[in-house]
Amino acid sequence: MVFMAGLDYFVCGSGHWPDVYDNNNNHNLLVCEAKTERSWLCFLVPGVRGGILSILEISNLSLSFGGVKALQDVSFRVPENTITTVIGPNGAGKTSLFNCISGFYKPQQGTIRYQGEVLAGVKPPARAAMGLARTFQNIALFRGMTVLDNIKLGAHVHMKSGLLSSLAYFGAARREEMAVRREVERHIIDFLEIDHIRRQPVASLSYGLQKRVELARALAMRPKVLMLDEPVAGMNREEKEDMARFILDIREEWDVTVLMVEHDMGMVMDISDHIAVLNFGQVITEGLPADVQNNPEVIKAYLGNSDMDSLRKKLNPQREVA
Amino acid sequence: MRIGDAKQTYEADEAIWTSPTQKFWFALFLLALLVFPLMANAYLLYLGCLVGIAVISTTGLNILTGFTGLISLGQAGFMGVGGYTVAWFSLNTGLPFPVTLLLAGLLAAAVGILVGLPSLRVKGLYLAIATLAASVFLHFIFAEWESVTGGMGGLSLEPAHLFGVTFQSDFRMYFIIVPLAVLMVFAARNVFRTRIGRAFIAIRDRDISAEILGIDLLRYKLMSFALSSFYAGVAGGLFAYFYRVVTPESFPLSMSIFYLAAVIVGGMGNLLGGILGAAFMTLIPEILKLLTAALTPFYPNAPVFMSPMLEIIFGALIVGFLIFEPHGLAEIWHRIRRFFSLWPFRN
Amino acid sequence: MDWLFFGEISLAGLAMGGLYALIALGFVIIYKATRVINFAIGEIMMFAAYLFLAFAGGLEMSPWVALPLAVLGGSILGGVIEKVMIRPMLGESPISVVMVTIGVASILVGLVELIWGADPQLLPRFLPREPVFIGEMYLAPKIAYGFLIGAALLILYLLYFRFSRGGVALRATASDQAAAYSMGINVRRVFNLAWVFGSLAASLAGVLVAATGGLSPQFGAIGLSVLVVVIVGGLDSILGALIAGVFIGWLETVAGAYLGGEYRMPATFAVLAVILVIRPYGLFGTHEIERV
Ligand SMILES: Nc1ncnc2c1ncn2[C@@H]1O[C@H](COP(=O)(O)OP(=O)(O)OP(=O)(O)O)[C@@H](O)[C@H]1O
Ligand SMILES: [Mg+2]
């Protein structure tokens, strides 16, 4: 075990020793007190990808709607530059968690730290400007705009032109629009292979393409953390593979941390570096895909108590293929 | 880059007119607007001015209701603010018309922001009702603040003037109104080429998602209110110069509904639609008047039916377009264009 | 301060408020069941009142025959409006649907003026004329009896919604459309029923209000007062409609008597503005949950 992030060692952002899942005790065995708030350290685990910092740290988050407890005392960490996935059965609170991070829901308890800064009281648009970008479970494209305009809208927070220069569309406003257009064309539209649809109204697109445009819009927000709520739901296999590839590429090339909610276990196990499992609003475990896959509690949460085998199959799709 | 109509630059691709044909037709249209007053008789000139004013106001309301999705029943009130501002300043200061019109727009915009403030907490129809409340208060102020507004009698004003030229005739007013209308429609078009216009549409389509994607809802809703009521204020100011009298009854609630109808009939969220709707709705009463005049020799009672018929036609147009042609005249226009661009090969 | 005068004014205002409550109830029924804000409610009232005028005045029927006929006519009108103009708008944005009701209002105003002319008219008298005293306070008989009839219908209504099959279907649809549908309730019929019943309340109130204050094609402007009532009370709250109806009726009358007629609207709209700022969904309305 080492205390410095070496080339071959990656840090696991979790406060748990991956082998010793213990929900009642936080074995913070080797946590160093760091000088800045931002750089708390956790122990290093060989083979787990991720920077030394958690870009997002959720502690003791609770959220309820009347009697419904959507989130209860949820804590977990998203290590920088990983693909971290939140899984859990329907209604577990995954989307609610995203909404808390986005600032749309206000949790009754707990804190969310982003790059060391507590987000409480920060309005959603400001969070977007800080680099928290996302897509939505039920596609939330703006139907009155073309694909291109939808994507350009993502760049909104990084633009400055005011009303007067917009009315004149002259000078700064025009240059800024052109710069955004160039950026969007070169880095996003080409990358996601959506050149052919840029002029189309979004309503005319297939479901898979709409999801891709949503991703494009989130990328235009220049994210540091890219939150994807079920990015491959409802897609066919080919589309799923494309999307998985895009997500991996984004993590590599854009220097982005991906936080994802997804039900497709094949994809989750394939591309995630780190997984947190939610059930009835509580984190029941987190860790490496391989560990989560075989955790009996996870299996129970997904399957109820019955039909362990098919559940195991669902969680371990590779084996099925083999 | 695409092949075919590929543009060499993004600049060219984002231009308003993307083909020479479009530029040609637009130049022709401007020329027609210029030649029109030289050929038109007094009545047609009068209509031209009315349409111009209506185009400005409808474009303003379209920005708010059609593009931002905030329904407003206060348009007449905002126009009233503009009208009274022009009247007061021209009576009390003798400022030239560009200044008074600017002040009219700015004051109306300020009132618009005030009226939009409840959008911090309420939306949709509740907001519409807030704008209704605003129009009730404004009407009350117009009628009761006698020292400034002249009470029920209203204010009469001198013709617009600039550099010693006075604009007392419809012919001269035409050259203020129509260029201003063209300018303001273009300015609106520009807004929708930038992030601000996109923010408006995003708020209309999905406000919550828009907020999460970084759009400050209150800020942009208020901006839309301000912009829209600025247009209304200028239109109201022109109205004052055109009729040279403003009274509380110049800006009744039915006028707000008239402009909403113009936006709907033209096509919500479509600037061309706003223009078509404004022209169409302004001309309908006139056509009806002509019809009535033609019928009077045979049915002496015809004039009595004119005003109720107008109400019925307005109502039926609103209902009919909403049910059968929700995208309004703009959609019909596009269909016609498509027909002719393919003609005679397909229909 | 002249307390007797204040008392008499207040009493008249409260009685007027009772009628507002009845209209507001009609409005709320339509809103609860169909989520349509009906800007034409004032015009439906007006139409029924003109029908009464035609039956009792023109055709010289007994007012007690003309009244139910007029109310029936107004209810049918409501049902027809729903069927012909509101139903095609199912699923459209609320703004569009509201605009349809505004269009309907405009059509009705035109129709009424076309048929009955633009001049103000008086309804034939049909309410008892002996002055009514409550303690020392005098109350105009038209207002007093109008209030009594209105209140009677209001109570019948509430009983109906509580206990009848139609009432239960209505309430079920209001609270969860999809669930009501899956339980075998004919949601379309319920929508139509809501418009019929809503218009029924409005029609009766229309005749009663017109009997006290006269009738003209501008009569529908009373819809604005009703709008204030339902916003203050909460669009989907029957209790809110009743309480706010009485309160707004009182406030309007008192403001009119003490400050002058031109203050009636600003006074009630000031209350509306305050409510919108401090309690946007009305005193008793429910705040709708928003999801991404
Ligand atoms: N705005 C809200 N009001 C009331 N309850 C809500 C709200 N949002 C979420 N909930 C409830 O909170 C719980 C968690 O919902 P959430 O949408 O977060 O689940 P999820 O894990 O995303 O499920 P799925 O996999 O189906 O998307 C559910 O019981 C849901 O009904
Ligand atoms: Mg979800």
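Since the structure is predicted, the reported quantities are computational estimates derived from the model, not experimental observations.

A. The arrangement of helix H6 (residues 165–175) of chain C in detail. All names here are of chain C. Within H6, the full set of buried residues consists of Gly-166, Gly-167, Ala-169, Leu-170, Thr-173 and Ala-174. The arc that holds the buried residues of H6, viewed along the axis, is 160 degrees, so those residues lie on one side. In H6, the exposed positions that point more than 90 degrees away from the buried face belong to Arg-165 and Ser-175. Its buried side turned inward, H6 meets helix H1 (3–34), helix H5 (141–163), helix H7 (177–182) and helix H8 (187–213).

B. Spatial organisation of the UniProt feature "transmembrane region" (unreviewed entry) in chain C. Residue and element names in this part refer to chain C. Within the UniProt annotation, "transmembrane region" (unreviewed entry) is assigned to residues 12–31, 38–59, 65–85, 97–118, 138–161, 193–215, 221–251 and 263–282. Counted over residues 138–161, helix gives 88% and strand 8%. Its end C-alpha atoms are 35 Å apart. Counting secondary structure, residues 263–282 comes out at 75% helix and 0% strand; the distance between its end C-alpha atoms is 23 Å.

C. Structural view of the site of ligand 1. In the region of ligand 1, 17 residues are neighbours, and Gly91(A), Lys94(A), Thr95(A), Ser96(A) and Gln137(A) sit closest. Those chains with residues close to ligand 1 are chains A and C. Taking Gly93(A), its main chain carries an N or O atom lying 2.9 Å from an oxygen atom of ligand 1. At 2.9 Å from a nitrogen atom of ligand 1 is found a side-chain nitrogen or oxygen belonging to Tyr105(A). Notes on ligand 1: free accessible area 630 Å², of which the protein chains cover 79%. When contributions to the shell around ligand 1 are tallied by element, the ones reaching two or more residues are strand S4 (68–79) and helix H1 (94–102) of chain A. Sort the elements by how many residues they give to the shell around ligand 1 and H1(A) lands first, with three residues.

D. Spotlight on the pattern of salt bridges. Per the stated rule, a full pass over the model turns up 18 salt bridges over all chains. Of the charged contacts in the structure, one is a salt bridge between Arg217(A) and Glu214(A), with a shortest N-O distance of 3.3 Å. Taken together, the residues span about one helical turn, with Arg217(A) and Glu214(A) both in helix H6 (residues 207–220) at a distance of three residues. Residue Arg204(B) is joined to Asp205(B) by a salt bridge in which the shortest nitrogen-to-oxygen separation is 3.0 Å.

E. Representation of the environment of Leu108(C) within the structure. All names here are of chain C. Turning to its location among the elements, Leu-108 is positioned in helix H4 (residues 94–116). For the pair formed by Leu-108 and Ser-175, sequence separation is 67 residues and the distance between their alpha carbons is 31 Å. Sequence-distant contacts of Leu-108, that is, excluding residues within four places in its chain, are made with Glu-43, Ile-44, Met-46, Phe-47, Leu-77 and Ile-81.

F. Molecular detail of the packing of aromatic side chains. One pass over the full model with this rule turns up 32 aromatic pairs over all chains. Ring geometry for Phe26(B) against Phe29(B): centres 6.5 Å apart, planes inclined by 35 degrees, an arrangement best described as tilted. On the criterion of helical spacing, the pair formed by Phe26(B) and Phe29(B) is a turn pair, its members being three residues apart in helix H2 (residues 20–39). Residue Phe26(B) is classed as buried on the basis of its relative accessible area, which comes to 18%. By relative accessible area, which is 45% here, Phe29(B) ends up partly exposed. Measuring from centroid to centroid gives 4.8 Å for Phe239(B) and Tyr243(B), while their planes differ by 55 degrees, and the two rings are tilted. Taken together, the positions of Phe239(B) and Tyr243(B), both in helix H11 (residues 217–243) and four residues apart, correspond to about one turn of that helix. Here the aromatic residues Tyr43(B), Tyr46(B), Tyr84(B), Phe142(B), Phe239(B), Phe242(B), Tyr243(B) and Phe251(B) are joined through ring pairs into a cluster of three or more. Between Arg245(A) and the ring centre of Phe246(A), over which it is positioned, the NZ or CZ distance is 5.1 Å.

G. Structural detail: the nonpolar core. All names here are of chain A. Core analysis: the biggest nonpolar cluster contains 285 residues, and Leu-56, Ile-151 and Leu-259 have the highest contact counts within it. Setting aside chain neighbours within four positions, we find Leu-56 in contact with Phe-76, Arg-77, Val-78, Ile-101, Ile-112, Arg-113, Tyr-114, Leu-132, Val-225 and Leu-259. Judged by nonpolar contacts, the second largest core, of 10 residues, contains Ile-87, Met-265, Val-277 and Val-292.

H. Expanded view of the sheet that holds strand S3 (residues 54–65) of chain A. Residues and elements named next belong to chain A. Read across the sheet, four strands follow the order S4-S3-S6-S7 without closing on themselves; strand pairing throughout is antiparallel. Strands at the two margins of the open sheet, each flanked by one partner only, are S4 and strand S7 (117–118). As paired elements, S3 and S4 share eight bridges and run antiparallel to each other. Bridge assignment links Ile-58 to a residue of S4, and that residue is Phe-76.

I. Molecular detail of the interface of chain B and chain A. Listed as interface residues are 32 residues of chain B and, on the opposing side, 40 residues of chain A. When chain B packs against chain A, close to 3,500 Å² is buried across both sides, 62% of that on carbon and sulfur atoms. Taken together, the connections running from chain B to chain A amount to one salt bridge. Our count for the contact surface shared by chain B and chain A stands at 14 residue pairs in polar contact (both at pLDDT 80 or more). Put simply, the parts of the chain that give the side of chain B that touches chain A at least two residues each are helix H1 (10–13), helix H8 (170–191), helix H9 (195–205), helix H10 (207–212) and H11 of chain B. In terms of residue count, the dominant contributor to the side of chain B that touches chain A is H9(B) (eight residues). Residue composition of the side of chain B that touches chain A, by class: 16 nonpolar, four polar and 12 charged.

J. How the structure looks around the coordination of the magnesium ion (ligand 2). All names here are of chain A. Donor atoms from the polypeptide that bind the magnesium ion (ligand 2) are Thr-95 (OG1) and Gln-137 (OE1), placed at 1.9 to 2.1 Å. Linking Thr-95 in helix H1 with Gln-137 in the loop between strand S8 (132–134) and helix H3 (147–154), this pair joins segments that are 42 residues apart in sequence. On the accessibility criterion, Thr-95 (24% relative accessible area) is partly exposed.

K. Just the UniProt feature "transmembrane region" (unreviewed entry) in chain B, in detail. Residues and elements named next belong to chain B. Residues annotated in UniProt with the feature "transmembrane region" (unreviewed entry) correspond here to residues 24–56, 63–89, 95–117, 124–142, 171–192, 222–244, 256–283 and 304–324. For residues 24–56, the end-to-end C-alpha separation is 24 Å, with 94% helix and 0% strand making up the annotated structure. Structurally, residues 95–117 comprises 87% helix and 0% strand, and the distance from its first C-alpha atom to its last is 31 Å.

L. Here's a closer look at the side chain of Thr34(C). Residue and element names in this part refer to chain C. Checked against the element boundaries, Thr-34 lands in helix H1. Judged by relative accessible area, which is 11%, Thr-34 ranks as buried. In contact with Thr-34, other than residues within four places in its own chain, are Phe-191, Ala-194 and Trp-195.

M. Expanded view of the packing of H1(C) against H6(C). Residue and element names in this part refer to chain C. Between H1 and H6, the shortest axis-to-axis distance is 7 Å and the interhelical angle comes to 60 degrees. On the basis of their axis angle, the class for H1 and H6 is oblique. Of the residues in H6, those in contact with Ile-29, Lys-32 and Ala-33 of H1 are Leu-170, Thr-173 and Ala-174. Tallied by class, residues from the contact of H1 with H6 come to four nonpolar, one polar and one charged.

N. Representation of the pairing of strand S9 (residues 225–229) of chain A within the structure. Residue and element names in this part refer to chain A. Among the five residues in S9, five count as buried, and that is most of the element. Along S9, one buried face is formed by Val-225, Met-227 and Asp-229 and the opposite face, lined by Leu-226 and Leu-228, is buried too. Judged from the three bridges that link them, S8 and S9 form a sheet pairing that is parallel. Bridge pairing in S9 links Leu-132 to Val-225. Judged from the five bridges that link them, S9 and strand S10 (residues 257–261) form a sheet pairing that is parallel. What sits directly across from Leu-226, in S10, is Val-258.

Basis of the calculations
Residues numbered from 1 in each chain as written. Chains lettered and ligands numbered in written order. Predicted model: local features only at pLDDT ≥ 70, side-chain atom pairs only at ≥ 80, totals over all residues. Heavy atoms only, no water. Buried < 20%, exposed > 50% of the residue type's maximum accessible area, 1.4 Å probe, protein only. Helix = DSSP H or I, 4+ residues; strand = E, 2+ residues; numbered from the N terminus. Arc of directions from axis to C-beta. Contact = heavy atoms within 4.5 Å. UniProt positions renumbered as here; feature names shortened; annotations may be inferred. Near = heavy atom within 4 Å. Polar contact = N/O pair within 3.5 Å; in protein donor to acceptor, adjacent residues only side chain to side chain. Areas by Shrake-Rupley, 256 points an atom, 1.4 Å probe, with all protein chains shown as cover. Salt bridge = Lys/Arg side-chain N within 4 Å of Asp/Glu carboxyl O. Phe/Tyr/Trp six-rings, centres within 6.5 Å; stacked < 30°, edge-to-face > 60°. Lys NZ or Arg CZ within 6 Å of the ring centre and 35° of its normal. Core = buried A, V, L, I, M, F, W, Y, C linked by side-chain atoms within 4.5 Å. Pairing = 2+ DSSP bridges. Buried area = accessible area lost by both parts, 1.4 Å probe. Nonpolar A, V, L, I, M, F, W, Y, C, P; charged D, E, K, R; others polar. Donors = N, O, S within 2.8 Å, 3.2 Å for Na, K, Ca; no water. Axes fitted to C-alpha atoms, helices over the stretch in contact; angles between N-to-C directions. Parallel < 35°, antiparallel > 145°, perpendicular 65-115°, else oblique.

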